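Spelled out, the chains give:
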Amino acid sequence: MNGLIVLDKPQDFTSFDAVAVMRKILHEKKIGHTGTLDPMATGVLPILIGRGTKCADLMPDTDKSYVADFKLGVKTDTLDSTGKTLEEGYNKISREKLEENFENFRGEISQIPPMYSAVSVGGKRLYELARQGIEVERESRKIFISELVLTDYDEETGEGKLRVSCSKGTYIRTLIDDIAVSLGLCGGIMTALRRVKACGFTAEDALTLDELKALADEGKIDTVLRGLDGLFDMYRKVTVSPAQQKRFLNGGELALDRLRLKFREDKERVRVMSADGKLFLGIAEADLEKGELKLVKILYVE
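Residues numbered from 1 in each chain as written. Predicted model: local features only at pLDDT ≥ 70, side-chain atom pairs only at ≥ 80, totals over all residues. Heavy atoms only, no water.

**Details of the sheet that holds strand β16 (residues 269–273)**
Alright, step 1. In spatial order, the strands read β14-β16-β17-β18-β15; together these five strands make up an open sheet with mixed pairing. A single partner strand is all that each edge strand has here, and the edge strands are β14 (236–239) and β15 (254–255).
Alright, step 2. The sheet contact formed by strand β17 (residues 280–287) and strand β18 (residues 292–298) spans six bridges and is antiparallel. Note that in β18 the partner of A286 across the bridge is L293.
Alright, step 3. Against the sheet, helix α6 (residues 242–249) touches β15, β16, β17 and β18, its axis set at about 80 degrees to β17. (Pairing = 2+ DSSP bridges. Helix = DSSP H or I, 4+ residues; strand = E, 2+ residues; numbered from the N terminus. Contact = heavy atoms within 4.5 Å. Axes fitted to C-alpha atoms, helices over the stretch in contact; angles between N-to-C directions.)

Next up, the structure:
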């Protein structure tokens, strides 16, 4: 089995837990995922199967979208409701003031990863150090927030809901805490998180573990198995002749002037498709100086 399945990850499962269960459901050893999702979070987690696992290092940095519940005026060691409370103190913040403050968190901003995260420092995961009560200095990272909208809010309690679209590597917990601190509060925590979009797939595309198990038991799992080219929809397609296909699959370069596509820039990546456009052969990259289309990775499955 080769391809991908869009899983609706359940709460209290790590991404690795989800992969382990999928191995049992599909009876497949080669299974991976496209990016870590917090245990408390639910939602879109594309699962890579078979040759699909070779796509992990090729994934383009596409925006991810979340819906998050929050509470202002609380600080925990994990920056979410699962952690130990360190401080509390809510001074009423109006909806107008909160939304006005959002302007400071749209676009490119800097963010320091939380201690309870999978980021590695000195060869150790931050969460491993955090569990030992060790806090280390972390370098800030540039992230991009393309959408930040307040969809629900109670001024009296400081509780509400956000919709966020952001770049890879963004921590919604940290975003909520940073917003709260910038308003003069001790902090803010995330109380729920659902990823509603990742890798171009939405929550409507996702299936639960129970639904997938039922399909597998009925021998119908192939009906929800997706092709790998769906992971690279942001890349343009180039179709090749049978002779070019054979050369490409053997690792050879293709002459750009013999392809029916005008390349926009050097290093532009494309999806290489068979002449009829039905078979996804792999990913290639343009070398404008040499006038060649070079193989990045073959993803064709016979």
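**With respect to helix α1 (residues 15–26)**
Alright, step 1. The end-to-end C-alpha separation of α1 is 16 Å, in line with the 16 Å expected for 12 residues at 1.5 Å each.
Alright, step 2. For α1, every residue scored as buried is listed here: S15, A18, V19, M22, I25 and L26. Axial view of α1: buried residues confined to an arc of 120 degrees, hence all on one face. Turned more than 90 degrees away from the buried face of α1 sit F16 and K24, all of them exposed.
Alright, step 3. Taken together, the buried residues of α1 touch β1 (3–9), β2 (31–33), β3 (42–49) and α5 (209–217).
Alright, step 4. Once α1 finishes, H27 follows within two positions and takes phi at roughly 55 degrees, a positive value. (Expected span 1.5 Å × (residues − 1). Buried < 20%, exposed > 50% of the residue type's maximum accessible area, 1.4 Å probe, protein only. Arc of directions from axis to C-beta.)

**Things to note about the pattern of salt bridges**
Alright, step 1. Per the stated rule, a full pass over the model turns up 16 salt bridges.
Alright, step 2. Between R106 and E103 there is a salt bridge whose closest N-O contact spans 2.5 Å.
Alright, step 3. E103 gets classed as exposed once you look at its relative accessible area, which sits at 53%.
Alright, step 4. The salt bridge involving D229 is made with R271; its shortest N-O contact spans 3.9 Å. Residue D229 is found in the loop between α5 and β14, and its partner R271 is found in strand β16; the two are separated by 42 residues along the sequence.
Alright, step 5. Sharing partners across several salt bridges, the network here consists of D229, D233 and R271. (Salt bridge = Lys/Arg side-chain N within 4 Å of Asp/Glu carboxyl O.)

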